[in-house]
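Listed below, chain by chain, are the residues.
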Amino acid sequence: MSYVEKHLIPGETVQYQTKLHWIVMLGHVAAAAVFELLAIVFLIASFSNTRGAKGMPPRSSIYFGALICFLVGAALFSIGWLKRNATEMAVTNKRVIAKTGLADRRTIEILLSRIESVVVDESALGRILGYGTVIVRGTGGTPEVFEKIYHPLQFREQVQSQIAVDGKVQ
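Keep in mind that this is a model prediction, so the values were computed, not measured. Each chain carries its own residue numbering, running from 1 in the written order of its sequence. Only residues with pLDDT of 70 or above have their local features reported here, since the model is predicted, and side-chain atom pairs are shown and tallied only from 80 upward, although totals for entire chains, interfaces and linings are computed over all residues. In computing side-chain properties, one takes all heavy atoms of the structure into account and sets aside hydrogens as well as water.

Trainee: Describe the nonpolar core, naming the residues involved and giving the relevant values.
Mentor: When a protein is soluble and globular, its nonpolar side chains tend to lie buried together. Core analysis: the biggest nonpolar cluster contains 20 residues, and Ile115, Val134, Phe146 and Phe155 have the highest contact counts within it. Put simply, DSSP marks the helices as runs of H or I at least four residues long and the strands as runs of E at least two long, and each gets a number from the N terminus on. Of all the secondary-structure elements, those providing two or more residues to this core are strand S2 (88-92), strand S3 (95-100), strand S4 (106-111), strand S5 (115-121), strand S6 (131-138), strand S7 (144-150) and helix H5 (152-169). Ranked by the residues each element gives to this core, the list is headed by S5, at 3 residues. By definition, residues are in contact when any of their heavy atoms lie within 4.5 Å. Non-local contacts of valine 134, meaning those with residues more than four positions away in its chain, are made with Val118, Val119, Val120, Glu144, Val145, Phe146, Ile149, Pro152 and Phe155. Note on terminology: a nonpolar core comprises buried Ala, Val, Leu, Ile, Met, Phe, Trp, Tyr and Cys residues joined through side-chain atoms within 4.5 Å. Type-normalised accessible area, obtained with a 1.4 Å probe on protein chains alone, sets the label of each residue: buried when under 20%, exposed when over 50%, and partly exposed for intermediate values.

If you want it as structure tokens, here you go:
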């Protein structure tokens, strides 16, 4: 069960839920790939003929280096994956909720009746790949920025449609 589903108030239902776009993992994946390739190079070097090579480290050292590179690459990939999956954003029939972080958690909850504006910023690449930044401005508060979220225009449309529904009920 997600954070949003666990913290719904009575009568509240989730209308739309999204997460960070996969692009947030790009740097982590690239760095992990470098370390994984380095591990492969170490393993290939360990199988090469070392009789004529002077100063070649023992095979056990090469295996250890490959293992370290593999573990660092796996850790970098895992950090990116956790960052993406530890972020939740949702629009309910009463609020906009965002939760980031796993160990250190930050939550944002804005009542629909308190939202003044929703701004979407999309770069050219963001428009092509389907990610962007959403800025939600509440009355009397600071703007809350949600960067690199998946389908930002759809998020904005969901907020606006829930505000319209909420305005008709009152």
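From this point, the narrative continues.
Trainee: An account of the sheet that holds S4 is needed here, citing residue identities and associated values.
Mentor: Any two strands with at least two DSSP-identified bridges between them are counted as paired. With antiparallel pairing, the 4 strands of this open sheet are ordered in space as S1-S2-S3-S4. Of all the strands in the sheet, just strand S1 (14-18) and S4 have a single pairing partner and so form its edges. Neighbour-to-neighbour, the strand axes of the sheet open up by a mean angle of 15 degrees, direction not taken into account. Sheet analysis places S1 next to S2, joined by 4 bridges and oriented antiparallel. Residue pairing in the sheet places threonine 18 in a bridge with methionine 89 of S2. Axis definition: a line fit to C-alpha positions, over the contact stretch in the case of helices; interaxial angles, taken between N-to-C directions, run 0 to 180 degrees.

Trainee: I'd like a description of unusual backbone geometry, backed by residues and values.
Mentor: Despite not being glycine, lysine 148 has its phi angle at roughly 50 degrees, a positive value. Of note, lysine 148 is situated in strand S7. By relative accessible area, lysine 148 is classed as partly exposed at 37%. Residues other than glycine seldom take positive phi values, yet histidine 151 does so here, at roughly 50 degrees. For histidine 151, the position within the fold is in the loop between S7 and H5. Accessibility expressed as a relative area gives 31% for histidine 151, which makes it partly exposed.

Trainee: Just give me the short version of the packing of aromatic side chains, but keep the residues and values in it.
Mentor: We call Phe, Tyr and Trp rings a pair once their centres come within 6.5 Å, taking the six-membered ring for Trp, and we label the pair stacked below 30 degrees between planes, edge-to-face above 60, and tilted otherwise. Tallied over the full model, the rule gives 2 aromatic pairs. Three or more aromatic residues link up through ring pairs in this structure, and these residues are Tyr16, Phe146 and Phe155.

Trainee: An account of a nonpolar patch on the surface is needed here, citing residue identities and associated values.
Mentor: A patch consists of residues whose relative accessible area exceeds 30% and which take part in no salt bridge; residues with like charges are grouped when within 9 Å of each other, and nonpolar side chains (Val, Leu, Ile, Met, Phe, Trp, Tyr) when within 5 Å. For accessible areas, the Shrake-Rupley method is used with a probe of radius 1.4 Å. Any residue's cover is judged against the shown protein chains and nothing else. Should a side-chain nitrogen of Lys or Arg be within 4 Å of a carboxyl oxygen of Asp or Glu, the pair is scored as a salt bridge. Nonpolar side chains collect at one region of the surface, where Phe64, Leu67, Ile68, Phe70, Leu71 and Val72 lie side by side and expose about 550 Å² of accessible area between them. Relative to the helices and strands, phenylalanine 70 is located in helix H3 (residues 59-85). What makes phenylalanine 70 partly exposed here is its relative accessible area of 44%.

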